[in-house]
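# A look at the structure
These are the residues of each chain, in order.
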Amino acid sequence: MKKYNTAFPYFPKDDIEEILKDTREMLNGNKMLTMGENVQKFEKDFSAYCQTNYAVATNSCTSALEIALSSLNLTSEDEVIVPVQTFVATGSCVLKNGAKIVFCDVDDDFLLDFEFMKKLINKNTKAVIIVHFAGMISTNIIRIKEYLKERNIILVEDDAHAHGATFGDLKAGNIGDIGCFSFYSTKIMTTGEGGMITTNNQEIYEKCASLRNRGMDINYKGELFINLGSNHRFTEFQGLLGIYQLKRVEEFLEHRNKIANIYKNELSNLIDKGIVRLQVPAQNSRHSYWRFIIFLNNHDRDEIIQKLNALNIKADAPYFPLLHNQPLFENIEKENMQNAERLSKTHISLPIHMLISEEDSIIIAKKLKEVLV
Ligand SMILES: Cc1ncc(COP(=O)(O)O)c(C=O)c1O
């Protein structure tokens, strides 16, 4: 019986051949191994894709987030608001920068709750990190963006799930002041490990590029170190993988959206009956479907996951525990995250990636319907 994994890195055969040719050149000593022409081209192509002025490749999204916050020169008085339905890196980057993390509840789509956020804002709020969870951009994104702009609060996007997601004319990575992407192996496009910072702000760009490169002055032709940076650099091999993956990303997104539409159609009966519920993106937006999230209104979530796993369908439920419940944040003062707590025990995520075919998605949806009776 076929096994349906949660995620899968995907390199088409033709791309593998081309990547191997270029890799041989590198290994034969004809090209650089790190921070050379591939990295530069990938940064240029990625900023063009996101419609931003600048992009800085990093060795992970965790590094990208840490550098992005570091470029803001935060102090221990400064507060950064973070949603609680996310991966640890969205929160740990705040602590790494010595600032105060302020947890924010999420709405019914698992996205930063705008009304809750408003109540958390005070004179010390320096930034808000928004996570396009599973690849969905909040229906409130314009309101959030404008509200923060009016108050001179920086909006950082955690785009780890959202390559190519759009909202009207806006593209993920070009919505806030800074965007941070992940190219980890399970993501929409991958370089094994890897990340990218996007921005339109020249000052932020120069600081991030410097911090990524041990604090070097990027405008000086020599080794002058002007910031307390570290080595978060990107290799030429990663750059090469990135160039080829980016060429395919629209194809990947089209496929993911096709599979998502099949899941939606197959589950429409259960949705109408109120048995399951899905995220509801705005009409004028494109979900990137890093994950296909289903909220179960009546069933025991863990039991359903177990039953699907027994049928070789690797369903899971990111993220558990929720951010504010991670031991790292044990001693940090927090409010009750009522909605996140309530919803975090009710969702599952179905396999959605390039190796899930249309037929596979029909089989998976059928099996889910069987276990939900
Ligand atoms: C929302 C979110 N932010 C940040 C990260 C960190 O990404 P990376 O593994 O590239 O450091 C992840 C990784 O899964 C993530 O899901």
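These numbers come from a predicted model, not from an experiment.

Here we take up the overall build of the protein. Each helix and strand in the protein was counted, giving 12 helices and 13 strands. Rg of the C-alpha trace for the protein: 21 Å, near the compact-globule value of 21 Å for 373 residues, within the 12% margin. Counting every position in the protein, which comprises 373 residues, the buried fraction comes to 56%. Summarising the internal contacts of the protein: among those between residues at least 6 apart in sequence, 70% fall at separations of at least 24. For the protein, the distance from the average site of its 43 positive side-chain charges to the average site of its 49 negative ones is 2 Å.

The subject of this paragraph is the packing of helix α2 (residues 37-50) against helix α8 (residues 236-266). Contact geometry of α2 with α8 gives a least axis separation of 7 Å together with a crossing angle of 25°. On the basis of the axis angle, α2 is roughly parallel to α8. Considering how the two elements wind past one another, α2 and α8 form a crossing that is left-handed. Listed contacts from α8 to Glu37, Asn38, Val39, Lys41, Phe42, Asp45, Phe46 and Tyr49 of α2 are Glu236, Gly239, Leu240, Gly242, Ile243, Leu246, Val249, Glu250 and Leu253.

Right, let's talk about the side chain of His324 for a bit. Tracing the backbone through its elements, the reader meets His324 in the loop between α10 (301-310) and α11 (338-344). Of note is the side chain of His324, whose polar atom sits 3.5 Å from the side chain of Asn325.

A few words on the UniProt feature "modified residue: N6-(pyridoxal phosphate)lysine" (unreviewed entry) in the protein. Those residues carrying the UniProt feature "modified residue: N6-(pyridoxal phosphate)lysine" (unreviewed entry) are Lys187 in this numbering. As for its placement among the helices and strands, Lys187 is situated in the loop between β8 (178-182) and β9 (195-199). Contacts of Lys187, omitting those with residues within four sequence positions, involve Ala160, His161, His163, Ser182, Arg256 and Trp290.

When its volume is computed, the largest pocket comes out at roughly 370 Å³. Of all the secondary-structure elements, those providing two or more residues to the lining of the largest pocket are α2 and α7 (202-212). Class assignment of the residues belonging to the lining of the largest pocket gives a composition of seven nonpolar, four polar and five charged.

Further remarks concern empty space enclosed by the protein. Rolling a probe over the atoms, with the probe sized like a water molecule, indicates the empty space that remains. Summed over all chains, the structure comprises two cavities of 30 Å³ or more. Roughly 60 Å³ of volume is contained in the largest cavity. Lining the largest cavity we find Phe8, Pro9, Tyr10, Lys187, Ile188, Thr190, Gln245, Phe252, Arg256, His353 and Met354. Looking at side-chain class alone, the lining of the largest cavity contains six nonpolar, three polar and two charged residues. The residue makeup of the lining of the largest cavity includes at least three contributed by each of domain 1 (13-245) and domain 2 (248-371).

This part is about the sheet that holds strand β10 (residues 276-278). An order of β10-β12-β13 is seen for the three strands of this open sheet, with the pairing classed as antiparallel. The open sheet has two free edges, formed respectively by β10 and β13 (347-350), since each of these has just one partner strand. Averaged over all pairs of adjacent strands, the angle between their axes in this sheet comes to 35°, without regard to strand direction. Sheet analysis places β10 next to strand β12 (residues 292-296), joined by three bridges and oriented antiparallel. Note that in β12 the partner of Arg277 across the bridge is Phe295. Across the face of the sheet, α10 comes into contact with β12 and β13 while running at roughly 25° to β13.

All right, on to the site of the ligand then. Looking at the ligand, there are 16 residues lining it, with Thr62, Asp158, Ser182, Lys187 and Tyr319 nearest. His161 places a side-chain nitrogen or oxygen 2.8 Å from an oxygen atom of the ligand. Contact between the ligand and Lys187: an oxygen atom at 2.7 Å from a side-chain N or O atom of the residue. Computed on the free molecule, the ligand has an accessible area of 390 Å², of which 93% lies beneath the protein chains in the complex. For the shell around the ligand, the secondary-structure elements that each account for two or more residues are α3 (61-70) and α4 (88-96). The leading source of residues in the shell around the ligand is α3, at three residues. Among the residues making up the shell around the ligand, the classes are represented as seven nonpolar, seven polar and two charged.

Now for the domain arrangement of the protein. By domain assignment, the protein separates into domain 1 (13-245) and domain 2 (248-371). Each side of the interface is counted separately: domain 1 has 44 residues, and domain 2 has 42 residues. Summed over both sides, the interface between domain 1 and domain 2 buries roughly 3600 Å², with carbon and sulfur atoms accounting for 62% of that surface. Of all residues in domain 1, the largest losses of buried area upon contact with domain 2 belong to Phe103, Phe110 and Ile188, amounting jointly to 18% of the total for that side. Viewed at the interface, domain 2 and domain 1 are joined by two salt bridges.

With that out of the way, let us pick up the environment of Lys264. Inspection of the secondary structure puts Lys264 in helix α8. Judged by its relative accessible area of 29%, Lys264 falls in the partly exposed class. Taking C-alpha positions, Lys264 is 22 Å from Lys187, a pair spaced 77 residues apart along the chain. Leave out the neighbours within four places in its chain, and Lys264 touches Ile271, Leu278, Tyr289 and Phe292.

Attention now goes to the packing of aromatic side chains. Within the structure shown, the criterion is met by 15 aromatic pairs. Aromatic side chains Tyr10 and Phe252 sit 5.9 Å apart centroid to centroid with 70° between the ring planes, which places their arrangement in the edge-to-face category. Here Tyr10, found in the segment before α1 (13-27), pairs with Phe252, found in helix α8; they are 242 residues apart in sequence, far enough to count as distant. For the pair Tyr263 and Phe292, a centre-to-centre distance of 5.0 Å together with 50° between the ring planes defines the contact as tilted. With Tyr263 in helix α8 and Phe292 in strand β12, this residue pair connects regions lying 29 residues apart in the sequence. Across the pair, exposure class does not vary: Tyr263 and Phe292 are buried alike. Put simply, the rings of Phe42, Phe46, Phe181, Phe183 and Phe234 touch in pairs and so form one group of aromatic residues.

Rules used in this analysis
Residues numbered from 1 in each chain as written. Predicted model: local features only at pLDDT ≥ 70, side-chain atom pairs only at ≥ 80, totals over all residues. Heavy atoms only, no water. Helix = DSSP H or I, 4+ residues; strand = E, 2+ residues; numbered from the N terminus. Rg over C-alpha atoms; globule rule 2.2 N^0.38 Å. Buried < 20%, exposed > 50% of the residue type's maximum accessible area, 1.4 Å probe, protein only. Contact = heavy atoms within 4.5 Å. Lys, Arg positive; Asp, Glu negative; His and termini not counted. Charge placed at Lys NZ, Arg CZ, Asp CG, Glu CD. Axes fitted to C-alpha atoms, helices over the stretch in contact; angles between N-to-C directions. Parallel < 35°, antiparallel > 145°, perpendicular 65-115°, else oblique. Left-handed = near helix turned anticlockwise from the far one by under 90°. Polar contact = N/O pair within 3.5 Å; in protein donor to acceptor, adjacent residues only side chain to side chain. UniProt positions renumbered as here; feature names shortened; annotations may be inferred. 1 Å grid on protein atoms, 1.4 Å probe; cavity = no way out; pocket = protein on both sides within 12 Å on 5 of 7 lines; lining within 4 Å. Points joined across faces, edges and corners; volume = space filled by probe spheres on them. Nonpolar A, V, L, I, M, F, W, Y, C, P; charged D, E, K, R; others polar. Domains from an automatic or database assignment. Pairing = 2+ DSSP bridges. Near = heavy atom within 4 Å. Areas by Shrake-Rupley, 256 points an atom, 1.4 Å probe, with all protein chains shown as cover. Buried area = accessible area lost by both parts, 1.4 Å probe. Salt bridge = Lys/Arg side-chain N within 4 Å of Asp/Glu carboxyl O. Phe/Tyr/Trp six-rings, centres within 6.5 Å; stacked < 30°, edge-to-face > 60°.

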